[in-house]
Amino acid sequence: MEQRLVSPETLAAQGLGEADPASGGLTPVINLSTNYEQQPDGSHRQGRVYTRADNPTSEQAERLLAALEGGGCACALFGSGMAAATAVFQSLLPGDHVLVSRVLYWGVRKWLAEFALTWGLDVEFTDTTDPDAVVAAIRPGRTRLLWTETPANPMWEITDLASVCELAHAAGVRVAVDNTVATPVLTRPFEHGADLVVHSATKYLNGHGDVLAGAVLTARPDPFWERIRSWRRNAGAMPGPFEAWLLQRGMRTLFLRVQRASQTALAIATHFHGHPALTGVLYPGLPDHPGHQIAARQMTGGFGGMLSIRVTGGAAHAHAVLREVQVFKRATSLGGVESLIEHRRSSEGPSSPVPDDLLRLSVGIEAPVDLITDLETALDTASRRPAPVPPGPGASREAVR
Ligand SMILES: Cc1ncc(COP(=O)(O)O)c(C=O)c1O
């Protein structure tokens, strides 16, 4: 029969349009088996032996995510976004030179700072929003990977993927893009030349704050991809089948959630732009954001659900605002249905480079007016009742988030 499921939205909503082959159920089953029966001749009916290597429930979620990222790519799920990210770095070889964007998710930076050296990697942070900086940093014959995140945590800097991929490829450098924040709804890095795409599936892909998972996707199966898959199998970095099942269910509503969060984030950013209680609103959808032109070209249908605000009066006021919110939930993480707010520097710990006056917002799917009113009221109340800076339980601890 003619194949009519073409749009990514339709593929997501219908879970690739596949019914369970055994029951005909439109909702897939969870396959919890850790092992698979061996035939008398030593073979396995579907080639699967043990679930640390292969699991049908994981494969279902992998096929769906691969379809959304497009380009005929392949996907491997991991037990967390960090397990996915580190699998890429750990598949490199000692002595490899790696370029990493200067602004990026704290956990990746922290892992690189603590473990990359002992792994033998030569890691260099560079400004991937500046093509000249990328060219200057590439060491021909030694640089093996360029890692970037766009929009990048928590300043939401934008890297021009097409231009960075072209420059990197000219020097034989592979490009990996952390697409957690944009999701394939807004940016499909393979279409801009990326070689690898990485996700914390804990965030928008699952979207309900109840799954820890990650994913690596490749534009083409090559020996490096085989190393990443081998790392997952042999290091035991697979997610559990229940997590994979929840993830495929979350992805069914990915488009609705991301589109709604993007619309509301734009409304919030526009409303608070120029607000007297703020020194800045960082959001790529605002025309005065330095990456706006590139984002408008590279991101389709919105600028994402993440933004940051910088509060007049510094850390004391930022903490005071945090105390006053009622609709926004004070919590770390991002990409869920409920809106979150956090003092990012406290979450990251003492060595965080994030400004002390910055609050990071993850916008959910609530009524936009409730979120705007909540933040407006919190800013107003806090400006009338400034508070001393509380150290906060997270401030002295090193980050895990
Ligand atoms: C952009 C980005 N990449 C990777 C990660 C790590 O993901 P996980 O917490 O699932 O290990 C996070 C987590 O916050 C993130 O925001």
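Participant: Hey, could you go over the sheet that holds strand S5 (residues 174–178) for me, with residue numbers and the actual values?
Facilitator: Taken together, the seven strands give an open sheet; going across it, the order is S1-S7-S6-S5-S4-S2-S3, and neighbouring strands pair in mixed fashion. Unpaired on one side and paired on the other, strand S1 (74–78) and strand S3 (122–126) mark the two borders of the sheet. Sheet twist, expressed as the average angle between the axes of neighbouring strands with direction ignored, equals 20 degrees. In this structure, strand S4 (residues 143–149) lies alongside S5, joined through five bridges in parallel fashion. Bridge assignment links Trp147 to a residue of S5, and that residue is Ala176. Against the sheet, helix H8 (residues 223–235) contacts S1, S5, strand S6 (196–200) and strand S7 (214–218), and its axis sits at roughly 25 degrees relative to S1.

Participant: Let's hear about the site of the ligand: which residues, and what values?
Facilitator: Close to the ligand lie 14 residues, the nearest being Gly81, Met82, Asp178, Ser200 and Thr202. A distance of 2.8 Å separates an oxygen atom of the ligand from a polar backbone atom of Gly81. At a separation of 2.6 Å, an oxygen atom of the ligand approaches a polar side-chain atom of Thr202. Across the complex, the protein chains shield 93% of the 390 Å² of accessible surface that the ligand would expose by itself. Within the shell around the ligand, the residues separate by chemical class into five nonpolar, six polar and three charged.

Participant: Give me the layout of surface pockets: which residues, what numbers.
Facilitator: Roughly 550 Å³ of internal volume is contained in the largest pocket. Surrounding the largest pocket, 20 residues form its lining, Pro21, Asn31, Gln46, Arg48 and Pro56 being those nearest its centre. The class makeup of the residues in the lining of the largest pocket is seven nonpolar, six polar and seven charged.

Parameters and conventions
- Residues numbered from 1 in each chain as written.
- Predicted model: local features only at pLDDT ≥ 70, side-chain atom pairs only at ≥ 80, totals over all residues.
- Heavy atoms only, no water.
- Pairing = 2+ DSSP bridges.
- Helix = DSSP H or I, 4+ residues; strand = E, 2+ residues; numbered from the N terminus.
- Axes fitted to C-alpha atoms, helices over the stretch in contact; angles between N-to-C directions.
- Contact = heavy atoms within 4.5 Å.
- Near = heavy atom within 4 Å.
- Polar contact = N/O pair within 3.5 Å; in protein donor to acceptor, adjacent residues only side chain to side chain.
- Areas by Shrake-Rupley, 256 points an atom, 1.4 Å probe, with all protein chains shown as cover.
- Nonpolar A, V, L, I, M, F, W, Y, C, P; charged D, E, K, R; others polar.
- 1 Å grid on protein atoms, 1.4 Å probe; cavity = no way out; pocket = protein on both sides within 12 Å on 5 of 7 lines; lining within 4 Å.
- Points joined across faces, edges and corners; volume = space filled by probe spheres on them.

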